[in-house]
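Coordinates in review
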Amino acid sequence: MRVAVAGCCHGELDKIYETLALAERRGPGPIDLLLCCGDFQAVRNEADLRCMAVPPKYRHMQTFYRYYSGEKKAPVLTIFIGGNHEASNHLQELPYGGWVAPNIYYLGLAGVVKYRGVRIGGISGIFKSHDYRKGHFECPPYNAATIRSIYHVRNIEVYKLKQLKQPMDIFLSHDWPRSIYHYGNKKQLLKTKSFFRQEVENNTLGSPAASELLEHLKPTYWFSAHLHVKFAALMQHQTIDKGQSTKATKFLALDKCLPHRDFLQVIEVEHDPSAPGYLEYDAEWLTILRATNDLINVTERLWNMPENNGLHTRWDYSATKEAINEVLEKLNHDLKVPNNFSMTAACYDPSKPQTQMQLVHRINPQTTEFCAQLGITDINVRLQKAKEDQHLCGDYEGQDDVEGNDSGDEPSEYNTDTSALSSINPDEIMLDEEEEYDDSIVSAQSDLNVPSVELSSDQASDFSASFSDVRILPSSMTVSSDNTSGSPVCKEGNSGDPVDLGDGKDLTTVPLKRLSDEHEPEQRKKIKRRNQAIYAAVDDNDTA
């Protein structure tokens, strides 16, 4: 099965699907599946735009709304996770996953599905330690704090995923698992992105929660985005028992969808020819969702997951055969994901802009149907009840204090940072201005049958190159007028030379500047940007 993987999409669906069409024409066959690693931006209308954690001047409709309205249909089944630049109110309607448009499926806060026998899991958002142990308390209308905390990973999702026992084929996360850079060509990574050096040397770059999941799940493939750089690694997992066969994970991070960037990769994945050709729920995952239903928390209160420490009556929520059979009986042994997409909000109409569209906390019928069928709670129903009873959501006094309601006694399992209190949004990747290019690139299918061994620097370089066959993309992949207005052009890092097909070399890219969570400079130079996908941290008057 040919699977395409995209990095940060930033709403550029037309360009991504156009790129896939070109890859199909030049490749050995059609693309069967597209996986997107976050910053998808499923923006339906002007109200959704206001729920993205970016300044107003960087809010653009892009092209998703055309797929939402039915004007266009995704040419290939598309599965995506959330990142830190999303229409959070839209994705919040589907905490357990669902269709955001025909043929475009969101995995939810965390989720596992199957397609043609290939098991695909993922977790949405990015890691921030100060929100990690909170419940899912946010709902629209968001304030300056909750518009960011809404996409921060929570311990409950990681806990659920750690109950999985069956093998995982593919896993998606937006930010990288911490320490993964030690298993690839770290020298080349630091040469390309030298400002990562301090965090790499301190081992603070990436998500410790994702690293925990990587060690537990040991998937065959792990794909990420977020840092806007292509990076391949091969992680050899340690075996506990001598009789166990060794497992290795092939990791690949991809860039964002811009001309001349490594934002797309096509790989061949083994699948079950006898498996159905439609999207299926995963029985083990459904069983875990059902078992952990009582653990739902919709408050800001910090809490730890149950563990075998004498304080909890139950700490193992893994799926037993009996529990899986119960779930299968509830679903009449039909695991097919129903094609039950329905529009829950008005679609953007370019001829009738509505800048004052009201923000509404919606209950999505897909989620209602899913929860009723499985016998679990819709988080949004619980949130609405909590909002009515205790005013836990919206702009109320005290919610701007992102560290309020700390239950206090038990320390976080990760170092707590205070980055959310900065006047600069710490979740942003700050970049120098991008150069204009006439073409774009996509890394095409490559041979991934590499030995499962820990890599030396030279071996890592060879493995990274296996992901690097280069193709020229359509001339329509140029920077649009929306992307080029308003800012002076920085000439550093310009790369306008023709691409040499199949040379396996990475193209020169413009360096980006990243804000470290732990090591923030006292002052930052303000940089003007002209590409809509390159977001400023906050507005001048915006505080976290």
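Parameters and conventions
- Residues numbered from 1 in each chain as written.
- Predicted model: local features only at pLDDT ≥ 70, side-chain atom pairs only at ≥ 80, totals over all residues.
- Heavy atoms only, no water.
- Helix = DSSP H or I, 4+ residues; strand = E, 2+ residues; numbered from the N terminus.
- Buried < 20%, exposed > 50% of the residue type's maximum accessible area, 1.4 Å probe, protein only.
- Contact = heavy atoms within 4.5 Å.
- Areas by Shrake-Rupley, 256 points an atom, 1.4 Å probe, with all protein chains shown as cover.
- Salt bridge = Lys/Arg side-chain N within 4 Å of Asp/Glu carboxyl O.
- Arc of directions from axis to C-beta.
- Phe/Tyr/Trp six-rings, centres within 6.5 Å; stacked < 30°, edge-to-face > 60°.
- Pairing = 2+ DSSP bridges.
- Axes fitted to C-alpha atoms, helices over the stretch in contact; angles between N-to-C directions.
- Expected span 1.5 Å × (residues − 1).
- pLDDT = per-residue confidence, 0-100.
- Polar contact = N/O pair within 3.5 Å; in protein donor to acceptor, adjacent residues only side chain to side chain.

Across its full length, the protein chain carries 15 helices and 17 strands. Taking all 544 residues of the protein chain together, the buried fraction comes to 59%. Sequence-distant contacts in the protein chain: of pairs separated by 6 or more residues, those separated by 24 or more amount to 82%. Entry remark: accessible area of the protein chain is about 22,500 Å², with carbon and sulfur atoms responsible for 46%.

Take the pattern of salt bridges next. Applying the stated criterion across every chain, the model contains 19 salt bridges. Across the pair Glu138 and Arg154 runs a salt bridge whose closest N-O atoms are separated by 2.6 Å. Here Glu138, found in the loop between helix H5 (129-132) and helix H6 (146-149), pairs with Arg154, found in the loop between H6 and helix H7 (155-161); they are 16 residues apart in sequence, far enough to count as distant. Judged by relative accessible area, Arg154 falls into the buried class, the value being 0%. Two residues, Arg290 and Glu326, come together in a salt bridge whose shortest N-O distance is 3.3 Å.

A few words on helix H12 (residues 321-330). For an α-helix, 3.6 residues make a turn, and residues three or four places apart therefore share a direction. Of the residues making up H12, those classed as buried are Ile324, Val327 and Leu328. On an axial view of H12, the arc spanned by its buried residues comes to 100°, and they lie on one face. In H12, the exposed residues that point more than 90 degrees away from the buried face are Glu322 and Glu329.

A word on the environment of Ile147. Following the sequence through the fold, Ile147 ends up in helix H6. Counting along the chain gives 58 residues from Ile147 to Asn89, while the straight-line C-alpha distance between them is 9.4 Å. Beyond its immediate chain neighbours, meaning those up to four positions away, Ile147 contacts Arg50, Cys51, Met52, Ala53 and Tyr142.

Here the bond from Pro140 into Pro141 is cis, since omega is 0°, no more than 30 degrees from zero. Locating Pro141 in the fold gives a position in the loop between H5 and H6. Within the chain, Asn103 stands out as a residue other than glycine whose phi angle is a positive 75°. Residue position: Asn103 is located in the loop between strand E4 (98-101) and strand E5 (104-106). The exposure class assigned to Asn103 is partly exposed, which follows from its relative accessible area of 23%.

Inspection of the entire model under this criterion finds 18 aromatic pairs. The interplanar angle of 55° and the centroid separation of 5.5 Å between the aromatic rings of Tyr17 and Tyr67 together place this pair among those described as tilted. Residue Tyr17 is located in helix H1 (residues 13-26), and its partner Tyr67 is located in helix H3 (residues 64-69); the two are separated by 50 residues in the primary sequence. Like Tyr17, the residue Tyr67 is buried in the burial classification. The structure contains a cluster of three or more aromatic residues connected by ring pairs, namely Phe40, Phe64, Tyr68, Phe80, Tyr106 and Phe341.

Sheet architecture is open: seven strands sit in the order E10-E11-E9-E8-E7-E6-E13, paired in mixed fashion. Two strands lie at the open edges of the sheet, namely strand E10 (231-236) and strand E13 (279-281), each paired on one side alone. Adjacent strand axes in the sheet meet at a mean angle of 25° when their direction is disregarded. In the sheet, strand E6 (residues 110-115) pairs with strand E7 (residues 118-123) via six bridges, with the strands oriented antiparallel.

This part covers the pairing of E4. Two strands pair when backbone bridges link them, and E4 and E5 are joined in this way by three bridges, in the antiparallel orientation. Residue Gly98 lies in a different strand from E5, and its bridge partner there is Tyr106. The loop that links E4 with its antiparallel partner E5 comprises two residues; one of these, Asn103, has a positive phi angle of about 75°.

Tracing the chain through its elements places Gly111 in strand E6. With a relative accessible area of 3%, Gly111 lands in the buried category. Taking the C-alpha atoms as reference points, Gly111 and Leu286, separated by 175 residues in sequence, lie 9.1 Å from one another. Here Gly111 is in contact with Ile120, Gly121, Gly122 and Trp285, once residues within four sequence places are set aside.

In a regular helix each residue adds 1.5 Å, so 14 residues correspond to 20 Å; H1 covers 20 Å between its end C-alpha atoms and thus fits that length. Listed as buried for H1 are Leu13, Asp14, Lys15, Ile16, Tyr17, Thr19, Leu20, Leu22 and Ala23.

The next point concerns the confidence of the model for the protein chain. Averaged over every residue, the pLDDT of the protein chain is 79; the share at 70 or more is 72%. Confidence drops under a pLDDT of 50 for residues 395-426, and excluding neighbours within four residues, the segment shows 80 contacts in the predicted structure. Residue range residues 468-544 is modelled with pLDDT below 50. Its contacts to residues more than four positions away, or to other chains, number 221 contacts.

What follows covers the pairing of strand E11 (residues 248-253). With six of six residues buried, E11 lies mostly within the body of the structure. The side-chain alternation of E11 yields two buried faces, one formed by Ala248, Lys250 and Leu252 and the other by Thr249, Phe251 and Ala253. Of the pairings in the sheet, the one linking strand E9 (residues 221-224) to E11 comprises four bridges and is parallel in character. Bridging across to E11, Tyr221 finds its partner in Lys250. Bridge analysis of E10 against E11 gives six bridges, and the strand direction is antiparallel. When the sheet's bridge partners are listed, Ala232 is paired in E11 with Leu252.

In this section: the side chain of Ser124. Structurally, Ser124 is set in the loop between E7 and H5. A distance of 2.8 Å separates the side chain of Ser124 from the backbone nitrogen of Gly82, its partner in a polar contact. Discounting residues that sit within four places of it in the chain, Ser124 has contacts with Ile81, Gly82, Tyr106, Gly108, Leu109 and Val153.

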